[in-house]
Amino acid sequence: MIPISKPVLGKEEKRAVLKVLDSGFLAQGPKIEEFEKKFAKYIGVKYAIATSSGTTALHIALLAHEIGKGDEVITTPFTFIAPSNVLLYCGAKPVFVDIGEDFNINPDLIEGRITKKTKAILPVHLFGYPADMAKIMKIAKKYHLVVIEDACQAHGASIQRRKVGSFGTGCFSFYPTKNMTTGEGGMITTNNRKVAEKAKLLRNHGMKIRYYHDILGFNFRMTDISAAIGLEQLKKLEKFNQKRISNVNYFNKNIKTSGIILPRVKKGYRHVFHQYTIRITDQCSKSREGLIKILNENGICSVIYYPIPVYRQKPYLKLGYKECLPITEKYSKEVLSLPVHPFLTQKDIRKIASIINSI
Ligand SMILES: *Cc1c(COP(=O)(O)O)cnc(C)c1O
């Protein structure tokens, strides 16, 4: 089977892990600091704070911005559930806004949902494609809102060469399926010194000095073992992303099935294709389920990201969410993600395109 994703780990990562094991620094040690410095430089921000996962990065970022009980945060329902869940952890209320053709939050619908309680906007750069940050930052400025970017799928994505995660406070994940991995892990990126300092405290039980706890914090630390892997992965990230983009160029040039809509990239935007997500519309001769079956029979794994909008997930129904946002509903019935990861061979990508063209 051609898998939907595959982490690419080599001898460099293995060697780096063994070195850490020999050093005796197993928890948060010198590799964390080095990884944070290099990641901050790569994204183009002053500060980066490593965490145990993308979810804990988001959680800490919200708390560091003092988002909590009674606050409303405008976000997207078409995503992995983490960015909404962290809002609930903090006692804040997710306010869902429909998406656009690029699968990201539709910035033109944001202002209509702003109330006196709105404290922040939390866009997700879904599938590796930047949300419209020019419009989002403009709205945020007008209403004095915090912007937390969920860049968990978008390491290296950019708008006019400015990387995502550098517009507001950015949150990244290094889960094995992402564009780069540390096993489990996350990172917060920011230019705000106060936010960076608070995030560091929150990550480590509120300690600046050992056993002196300034605030209520957590153990959301990354290990040096993970950071050592991350440092090697960061060196390879551009190559990985280039390979994803070149796979997509082949797909976009060669898939020509009527009724199937391929992802497009706006001028000045850099899409890093965490996922290559197509839409199978009514005009297609095959249903989405039919296509999944054919792909499967030919040894190609495809996945629906995401089949159910966040507001219709059980914990949200229980909270009384009754939204039914039309584009989100429509796209969740049409989308299908195909393998696009850097491990694919030329033969794999030709096979994927030709099978789709054969329907
Ligand atoms: C993966 C992901 C997260 C969470 O990251 P973890 O490291 O799995 O906790 C958050 N948001 C999005 C959009 C993701 O894809």
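Scroll up to find the structure this text is about.
In this report, the structure presented in the accompanying data block is examined. Only a predicted model underlies this, so the values are computations on that prediction, with no experimental measurement involved.

Points about the overall build of the chain
When helices and strands are counted, the chain shows eleven helices and 15 strands. Each principal axis of the C-alpha atoms in the chain carries an extent, and together these give about 65 × 55 × 40 Å. Counting the 359 residues in the chain, one finds 58% classified as buried. Taking the contacts inside the chain whose residues are at least 6 apart along the sequence as the reference set, 71% of them involve residues at least 24 apart. For the chain, the accessible area works out to roughly 16700 Å², and carbon and sulfur atoms hold 55% of it. Taking the 56 positively charged and 30 negatively charged side chains of the chain as two groups, their mean positions are separated by 3 Å.

Overview of the sheet that holds strand β15 (residues 335-338)
Strands sit in the order β12-β14-β15 across an open sheet of three strands; the sheet is antiparallel. Two strands lie at the open edges of the sheet, namely β12 (260-261) and β15, each paired on one side alone.

Remarks on the pattern of salt bridges
Tallied over the entire structure, the rule returns 20 salt bridges. Between arginine 312 and glutamate 329 there is a salt bridge whose closest N-O contact spans 2.9 Å. Of this pair, arginine 312 sits in the loop between α8 (288-297) and α9 (314-318) while glutamate 329 sits in helix α10 (residues 326-334), and the two are 17 residues apart along the sequence. By relative accessible area, which is 8% here, glutamate 329 ends up buried.

Let's talk about unusual backbone geometry
Cis geometry is adopted by the peptide bond preceding tyrosine 306, which originates at tyrosine 305 and carries an omega value of 5°. Relative to the helices and strands, tyrosine 306 resides in the loop between α8 and α9. The phi torsion at phenylalanine 127 lies on the positive side, around 65°, for a residue other than glycine. Structurally, the position occupied by phenylalanine 127 is in the loop between β4 (118-122) and α5 (133-143). The backbone phi angle of glutamine 160 is positive, close to 45°, even though this residue is not glycine. Summarising the element assignment, glutamine 160 is placed in the loop between β6 (158-159) and β7 (162-163).

Quick notes on the rules
- Residues numbered from 1 in each chain as written.
- Predicted model: local features only at pLDDT ≥ 70, side-chain atom pairs only at ≥ 80, totals over all residues.
- Heavy atoms only, no water.
- Helix = DSSP H or I, 4+ residues; strand = E, 2+ residues; numbered from the N terminus.
- Buried < 20%, exposed > 50% of the residue type's maximum accessible area, 1.4 Å probe, protein only.
- Contact = heavy atoms within 4.5 Å.
- Areas by Shrake-Rupley, 256 points an atom, 1.4 Å probe, with all protein chains shown as cover.
- Lys, Arg positive; Asp, Glu negative; His and termini not counted.
- Charge placed at Lys NZ, Arg CZ, Asp CG, Glu CD.
- Pairing = 2+ DSSP bridges.
- Salt bridge = Lys/Arg side-chain N within 4 Å of Asp/Glu carboxyl O.

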